[in-house]
Amino acid sequence: AMADAGQQSLDLCEAEQSELARRYVLTSELYVEEPWSHAGPRSVSPFAPCAASRLPHVFDAARLGGDSVLWDLGCGDGRILHEAAARYGCRCVGVEIDAPCLDMCKEGASRLGADVDNRCSWFLRDMTSMPSGSLGTDDSLGPDVPAPSVLLLFITGHGLKAMSPWLKREWEEAPTPFAIVTCVEALDSCIDYNEGIPFDDADANPDGWRVYRDPVHAKYGVFVVPPRDISVTQWASSRPSAVDCGPDAVANHAPAIARGVLREADIRAVENLAARLDARRGGIDGKDDDGKDDDGKDDDG
């Protein structure tokens, strides 16, 4: 049953991502002359949002915490960073070539309130022309912009192939080591379909990437290159243990408040469910141990 549930969750994630690709990519103009556009001549990947059902795997794979600094190269409308800032309280830096997308990033962060807005920074940049030292140095993009502890890329295989040599140099030489999380494709096996389908794997990993494939996250297309000072084996063995969430553990953990994650309709649905559960509990509490109501009647009257 658990295997069936896992497969169903995976199928739903793939269906959600396919629908987002259809809506944002297949129905939009893919080639324009505007330089600051995801469809412009300098872009390496069109914009399509990450499926919401993939996000928990992205965040878990990145091992985010309050002291993390998450950079998203090709951040789109910023929804991944919005949620990361709301859930974990970490610093978030978005780099995007599409000017309208960047406006959505800023507007979305502002709508979620100061807790999210103050943790996010947004930059209109062509990431293919970012200079050496951009990723491992504080303030490389602007004042009070810390270097990443985790770098996220949710772009096409064409984009990953184009970025790979520069990324490898940054990863190797950065004063502050950082992990790289990629979605859909991994750096050691990505394919640039713009150049045709290869018939051998001789050059599948020309930059020599070491990629960790978590048994669960990899099924959802989430892959990790650990920081350069941590081997894949060390990264795999150092996975944080799950927190005990049993009845006895609840009292030992303060509740975490994630602002702006739920929509208004979601909040109403949760409130309605809580009301129904309270009403049901009230009905149960109104019965004796033998199943009779307080007035002595059985359940069937």
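Just so it is clear, the model here is predicted, and its values are computed rather than measured.

*Asks:* With reference to specific residues and values, describe the sheet that holds strand S1 (residues 69-73).
*Replies:* Overall, mixed pairing links the six strands, which are arranged S3-S2-S1-S4-S5-S6 in an open sheet. Each edge of the open sheet is held by one strand with a lone partner, namely strand S3 (120-124) and strand S6 (222-225). The average undirected angle you get between the axes of adjacent strands in this sheet is 20°. Sheet topology note: the S1/strand S4 (residues 150-153) ladder contains four bridges and is parallel. When the bridges of S4 are listed, aspartate 72 appears paired with leucine 152. This element, helix H3 (residues 79-88), spans S1, strand S2 (91-96), S3 and S4 of the sheet and lies at about 175° to S2.

*Asks:* So what's going on with the pairing of S4? Which residues, and what values?
*Replies:* Burial along S4 is two-sided: the residues Val150 and Leu152 and Leu151 and Leu153 are all buried. Relative to strand S5 (residues 179-183), S4 runs parallel, the two being bridged by four bridges. Across the sheet, residue leucine 153 finds its bridge partner in S5, namely threonine 182. Each parallel crossover has a hand, and the one from S4 via helix H6 (residues 157-173) to S5 is right-handed.

*Asks:* I'd like a rundown of the state of the cysteines, residues and numbers included.
*Replies:* Disulfide: a covalent bond connecting the sulfur atoms of a pair of cysteines. Inspection of the entire model under this criterion finds zero disulfides. Free cysteine: cysteine 92, not disulfide-bonded; nearest cysteine sulfur from cysteine 90 at 3.9 Å. Its relative accessible area of 0% is what places cysteine 92 among the buried residues. Cysteine cysteine 183 remains unbridged, with the sulfur of cysteine 50 as its closest cysteine sulfur at 4.8 Å. Exposure remark for cysteine 183: the relative accessible area of 0% places this residue in the buried category.

*Asks:* Give a detailed account of the side chain of glutamate 170, specifying residues and quantitative values.
*Replies:* Its location among the elements puts glutamate 170 in helix H6. Summary of buried charges: glutamate 170 has no salt-bridge partner, and the nearest side chain of opposite charge, arginine 169, is 6.2 Å away. Contact partners of glutamate 170, with chain neighbours within four places excluded, come to Pro131, Ser132, Gly133, Ser134, Leu135, Gly136 and Phe178.

*Asks:* Describe the pattern of salt bridges, naming the residues involved and giving the relevant values.
*Replies:* Evaluation of the coordinates by the stated rule reveals seven salt bridges. Ionic pairing is found between aspartate 60 and arginine 239, a salt bridge with its closest N-O pair at 2.8 Å. Residue aspartate 60 is located in helix H2 (residues 55-62), and its partner arginine 239 is located in the loop between helix H7 (232-237) and helix H8 (247-250); the two are separated by 179 residues in the primary sequence. Residues participating in the shared-partner salt-bridge network are Asp60, Asp214 and Arg239.

*Asks:* Break down H3 for me, with residues and values.
*Replies:* Along H3, seven of the ten residues are buried, which leaves the element largely enclosed by surrounding structure. All of the buried residues in H3 are Ile80, Leu81, His82, Glu83, Ala84, Ala85 and Ala86. Positive phi appears at glycine 89, one or two residues downstream of H3, with a value of about 70°.

*Asks:* Outline unusual backbone geometry, supporting the account with residue identities and numerical values.
*Replies:* Unlike most non-glycine residues, aspartate 139 shows phi in positive territory, near 65°. Assignment of secondary structure puts aspartate 139 in the loop between S3 and S4. Backbone geometry places valine 184, a non-glycine residue, at a positive phi of 75°. Along the polypeptide, valine 184 turns up in the loop between S5 and S6. The partly exposed category is assigned to valine 184, whose relative accessible area is 45%.

*Asks:* Quick one: what's the story with the nonpolar core, residue by residue and with numbers?
*Replies:* Membership of the largest hydrophobic core comes to 32 residues, with the highest contact counts inside it found for Trp122 and Val181. Those elements giving two or more residues to this core turn out to be H2, H3, helix H4 (99-111), S3, S4, S5 and S6. Ignoring anything within four residues of it in the chain, the contact list for tryptophan 122 reads Cys75, Gly78, Leu81, His82, Gly94, Leu102, Cys105, Lys106 and Ala109.

Each value, and the rule that gives it
- Residues numbered from 1 in each chain as written.
- Predicted model: local features only at pLDDT ≥ 70, side-chain atom pairs only at ≥ 80, totals over all residues.
- Heavy atoms only, no water.
- Pairing = 2+ DSSP bridges.
- Helix = DSSP H or I, 4+ residues; strand = E, 2+ residues; numbered from the N terminus.
- Axes fitted to C-alpha atoms, helices over the stretch in contact; angles between N-to-C directions.
- Contact = heavy atoms within 4.5 Å.
- Buried < 20%, exposed > 50% of the residue type's maximum accessible area, 1.4 Å probe, protein only.
- Right-handed = clockwise from strand over helix to strand, strands pointing away.
- Disulfide = S-S within 2.5 Å.
- Lys, Arg positive; Asp, Glu negative; His and termini not counted.
- Salt bridge = Lys/Arg side-chain N within 4 Å of Asp/Glu carboxyl O.
- Core = buried A, V, L, I, M, F, W, Y, C linked by side-chain atoms within 4.5 Å.

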